[in-house]
Amino acid sequence: MNAGRSRSPKSGRTGVVAAVAGAVVLTALTAPPAQAAPTGLAVTDVVVNKGKPIVVGTSDIKQPSITFRITFPPGYTTEKPLMYDAYPFLYHGTTAAKGERGGLRVGGWVCYETVARSARCEGTMFIDPRYDLDANNDATQWKIGLALRLYKTDGQLKAEEFKTAPGTVQLKRWGKATVNASPEPVKKGKKLTVTGKLTRADWAKHTYTGVAGSARLQFRKKGSSAYTTVKTVKSNSTGALKTSVTASVDGYWRWTHNGSSTTGPATSSADYVDVR
């Protein structure tokens with residue numbers, strides 16, 4: 001059963017997609033100037049990405065899950081979807097009313113009426129970093145806004161209000177790590193130099209740039225499935241990592257970074273070193 005909304009990433013405008021019987025599409029009609037008044041609509045229990053941070057890179061579209069519940073005032077039901085508009089969105093740095101226009105929206109969702117005048121809704125957000133994120137300070141806690149509107153039978157706006165739901169959603173910049181161990185092969189007991197680099201998504205430049213932080217150098221012996229941490233190293237301002245260890249047995253080396261409040265975790269691929 002499919003129902004929901006389509007979205008044009010460049011314009012940020014929404015359009016209605018046909019609903020299948022038994023489901024309701026929450027619409028976004030072109031509204032006249034706002035009429036601040038209670039609507040009687042309520043959107044509650046909003047959960048985005050199952051409560052986990054959303055980590056976004058520089059190009060790939062992210063569609064984290066969203067669930068919420070909508071409760072209707074008397075006279076409104078899921079059978080009259082064109083009479084109301086009630087949906088959550090994410091915003092920061094402004095008010096909910098202003099945040100709707102420049103915030104992060106739901107890409108599509110479907111609602112099922114569970115009891116009289118109450119429906120459970122589920123869908124996905126739509127985040128395209130090329131259009132929706134243009135500054136690195138977007139890596140922060142986003143508030144959950146609610147846009148609520150009632151319409152008259154002729155399609156004119158009857159009442160409109162904006163609210164902020166409880167809770168926040170953390171957006172983070174995607175992190176990456178690389179590794180290189182040399183020389184290869186290496187004699188047993190000799191020094192092995194392990195280098196690498198930590199980078200993260202730069203939403204202003206739409207590329208990955210170096211980041212200073214701590215990374216753990218880990219080793220997995222040939223034939224084993226478990227990594228152990230050998231030491232912790234801090235990268236420089238450009239993200240470069242470098243350290244040395246004593247070669248003892250064949251195995252795999254990698255860097256792993258836990259991330260931060262603004263950057264997602266990162267683990268490099270493994271570099272195998274033959275010890276002779």
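In short, a report on the structure. This structure is a prediction, so every number in the text was calculated from the model and none was measured.

Here we come to the packing of aromatic side chains. Two numbers describe a pair of aromatic rings. These are the distance of the centres and the angle of the planes. The tally for this structure, following the rule as stated, stands at 7 aromatic pairs. Ring geometry for Phe219 against Trp253: centres 4.5 Å apart, planes inclined by 45°, an arrangement best described as tilted. With Phe219 in strand β14 (residues 214–221) and Trp253 in strand β17 (residues 251–257), this pair connects stretches of sequence that are 34 residues apart. Judged by centre distance (4.9 Å) and plane angle (55°), the ring pair of Tyr252 and Tyr272 falls under tilted. One end of the pair, Tyr252, is in strand β17; the other, Tyr272, is in strand β19 (residues 271–273), with 20 residues separating them in the sequence. According to the relative accessible area criterion, Tyr252 is partly exposed, its value standing at 25%. Put simply, the rings of Phe68, Tyr87, Phe89, Tyr91 and Trp109 pair up and form one aromatic cluster. The ring of Tyr208 has Lys176 sitting right over it, with the charged end atom 4.0 Å from the ring centre. Above the ring of Tyr252, the side-chain terminus of Arg220 is found at 4.2 Å from the ring centroid.

With that settled, consider unusual backbone geometry. The linkage connecting Ser182 with the following residue, Pro183, adopts the cis geometry, with an omega of 5°. By the secondary structure assignment, Pro183 is in the loop between β11 (175–182) and β12 (191–202). Cis geometry marks the peptide bond from Glu184 to Pro185; its omega dihedral reads -5°. Position of Pro185 relative to the elements: it lies in the loop between β11 and β12. Backbone geometry places Asn49, a non-glycine residue, at a positive phi of 55°. With respect to the helices and strands, the residue Asn49 is situated in the loop between β3 (42–48) and β4 (54–56).

Next up on the list: the environment of Gly75. The topology assignment puts Gly75 in the loop between β5 (65–71) and β6 (84–91). Residues Gly75 and Arg117, spaced 42 residues apart in sequence, show a C-alpha to C-alpha distance of 8.8 Å.

Summed over the entire model, instances satisfying the criterion amount to 7 salt bridges. Here Glu122 ties to Arg120 by a salt bridge, and the two come within 2.7 Å at their closest N and O atoms. Taking the relative accessible area as the measure of exposure, Glu122 reaches 35% and is therefore partly exposed. For Glu161, the salt bridge goes to Lys163, with nearest N and O atoms at 3.9 Å.

Definitions and limits used
- Residues numbered from 1 in each chain as written.
- Predicted model: local features only at pLDDT ≥ 70, side-chain atom pairs only at ≥ 80, totals over all residues.
- Heavy atoms only, no water.
- Phe/Tyr/Trp six-rings, centres within 6.5 Å; stacked < 30°, edge-to-face > 60°.
- Helix = DSSP H or I, 4+ residues; strand = E, 2+ residues; numbered from the N terminus.
- Buried < 20%, exposed > 50% of the residue type's maximum accessible area, 1.4 Å probe, protein only.
- Lys NZ or Arg CZ within 6 Å of the ring centre and 35° of its normal.
- Salt bridge = Lys/Arg side-chain N within 4 Å of Asp/Glu carboxyl O.

So far we have only geometry, and geometry alone does not tell us how the molecule works.
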